[in-house]
Amino acid sequence: MTQRIQKLTNLLANQIAAGEVVERPASVVKELVENSLDAGATQIDIDIEQGGVRLIRVRDNGSGIHQEDLPLALSRHATSKIHQPDDLSQIMTLGFRGEALASVGSVSRLALTSAQAKRTGWQITLHGDMASDISPAAHPQGTTVEVRDLFFNTPARRKFLRSEKTEFDHIDELIKRTALSAFHVGFSLKHNQRLVRQYFPASAPANASERLGALCGPAFVEQAVHIEAEGAGMRLTGWIALPAFSRSQADLQYFYVNGRMVRDKLVIHALKEAYHDVLYRDRYPAYVLFLEIAPQQVDVNVHPTKHEVRFREGRVVHDFVFHSVHDALAQPVPVEKTVERSEVKLPPPAIAAPHRVQEQLALYRTLHEETPLPLKQEQDVPLGFALGQLQGIYILAENEQGLVIIDMHAAHERILYEKMKEALAQHVMPKQLLLMPLTLTLSEREADCVEQEMDLFQQLGFQVERIAKETIAVREVPQLLAEGPIAQLIRDIITDLLSHGKSLRVEENMHRLLSTLACHSAIRAHRRMSLPEMNALLRQMEKTDHSGQCNHGRPTTLQLSLEDLDKLFLRGR
């Protein structure tokens, strides 16, 4: 028998919506904190009990809600943030859907208390689908939302929750992400009536660095480079960690679009490409970046959780992020090394061989035969001037900060690699004709992509022809890649074109070969160099992009300041 169509009850409709919006207690906290930020709050206090299952209380000092709007605030599709269809194309607030409070209230016991400036506070409660009348309540300017007994009427959802500690860790991470995007707002987080986090408002740059260190760790602040770039109607600001501060997992990557935390594949790909030439294998970069873009150029109404966005000009955004980060990383910066007292280790006594002592004395005499350079000239060279070699592997140099240690093989490897890349970019890529054309069977969509991007494949050094609905033939390939896995490379290029609108696979493979060639051609260990040769290498490093890392992502320089050296020798104690 055919079932008749009937309209869903408000409670059931809200619970279905809650299934998308309210995944776990952290989802509730996210919606409530975003409402507080949209209300202009400068202080947000969050109280959690039993991982958010028993109680979630969010209090702010924002503008508050008008008495007559309290019942509407708990209704579906009611909001103060948009009013007309055109408003959807210029959203600058974090929330706009108008269904969060109704969804949360349908699976919990919710109490909403609010007061506007110099007015009496009012309260309304919602238990499932049972809303109370509004009543007066003592409350300062702002809003407090209490959510008790989450999922009390949907026990199946409650069974999927993790342990109390796991659920609170998700809330803690959420507040961390939010505090990174709103430096001007203070946050406090309590769990089971114990203060866990306290982030004070940070308006001054010094306070911003302090909050950044509290959220991402002091090591990130020491190893991060501040970035500020503008172009194509966009602005990118924030901090990117140097390659030496890479991570074993992608746990320190925060990207915000107009203040909204997002995980966008396009942006992740752009950042991965910017770091690919300087990161050690299987390592991940760390960054906190803020992209400001016209609201008409980005669609945030993609998913109820608002974690995803769509850019109208995705390729322009990709290239802007890539070039901004790539150029910032290209600046040669010596890696700072902070020496802690616990790192001081005294080596066992050793007796030097007589011939080694004579060699060291001869080297010492040659050092003092050099004419000292003027102080003014020293200030123009970040890596300073060479003092000598250590075991034929490292160059020791002195700059204004103190001592610089340079891995001469890694440094020369990077210099040669960048020169080879520049030479390759200035010449037409040589091609090789295949004796037997390589045929590939693809999907119709992939074959259409190849046909549309024939000019691109030609620029990359491939001659590709579509010979059937789902088959292509490769007749010419770049000479440097002729011995490689051509079929897999072509498929990877197509995948990149379909996903990101561009591909750097050929360039990456070319660079991989050049990297190997540069590694084999660079100065080998134990080669003795004269002081002029060492200084010439330092000057080349200062002019070379990414000279802080070798082609494999290892650091090339290490800076020891006078303070670090004083700690090693216990001076001033």
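Residues numbered from 1 in each chain as written. Predicted model: local features only at pLDDT ≥ 70, side-chain atom pairs only at ≥ 80, totals over all residues. Heavy atoms only, no water.

A.B. asks: Just checking my understanding: could you explain unusual backbone geometry for this structure?
C.D. replies: A negative phi angle is the norm for most residues apart from glycine, just as the trans form is the norm for most peptide bonds. For glutamine 50, which is not glycine, the phi dihedral falls at a positive 50°. Tracing the chain through its elements places glutamine 50 in the loop between strand S1 (43-49) and strand S2 (55-60). Its relative accessible area of 39% is what places glutamine 50 among the partly exposed residues. Positive phi, close to 55°, is recorded for alanine 232, a residue that is not glycine. Inspection of the secondary structure puts alanine 232 in the loop between strand S10 (224-231) and strand S11 (234-241). For alanine 232, a relative accessible area of 62% corresponds to the exposed category. (Helix = DSSP H or I, 4+ residues; strand = E, 2+ residues; numbered from the N terminus. Buried < 20%, exposed > 50% of the residue type's maximum accessible area, 1.4 Å probe, protein only.)

A.B. asks: How should the side chain of aspartate 407 be read in this particular structure?
C.D. replies: With respect to the helices and strands, the residue aspartate 407 is situated in strand S19 (residues 402-407). Separated by 3.3 Å, the side chain of aspartate 407 and the backbone nitrogen of histidine 409 make a polar contact. Ignoring any residue separated from it by four or fewer positions in sequence, one finds aspartate 407 in contact with Ile393, Tyr394, Arg554 and Thr556. (Polar contact = N/O pair within 3.5 Å; in protein donor to acceptor, adjacent residues only side chain to side chain. Contact = heavy atoms within 4.5 Å.)

A.B. asks: What am I meant to see in the sheet that holds strand S22 (residues 471-478) here?
C.D. replies: The strands that make up a sheet pair up through hydrogen bonds in the backbone, lying either parallel or antiparallel. Read from one edge to the other, the open sheet built from three strands follows the order S20-S22-S21, with strand pairing classed as antiparallel. If you trace the sheet from one side to the other, it starts and ends with strand S20 (431-441) and strand S21 (463-468), each paired once. Averaged over all pairs of adjacent strands, the angle between strand axes in this sheet comes to 20°, irrespective of strand direction. Here S20 runs beside S22; their pairing, made up of seven bridges, is antiparallel. The residue of S22 that forms the bridge with glutamine 432 is valine 477. Where helix H14 (residues 444-452) meets the sheet, its contacts fall on S21 and S22, and the angle it forms with S21 comes to roughly 135°. (Pairing = 2+ DSSP bridges. Axes fitted to C-alpha atoms, helices over the stretch in contact; angles between N-to-C directions.)

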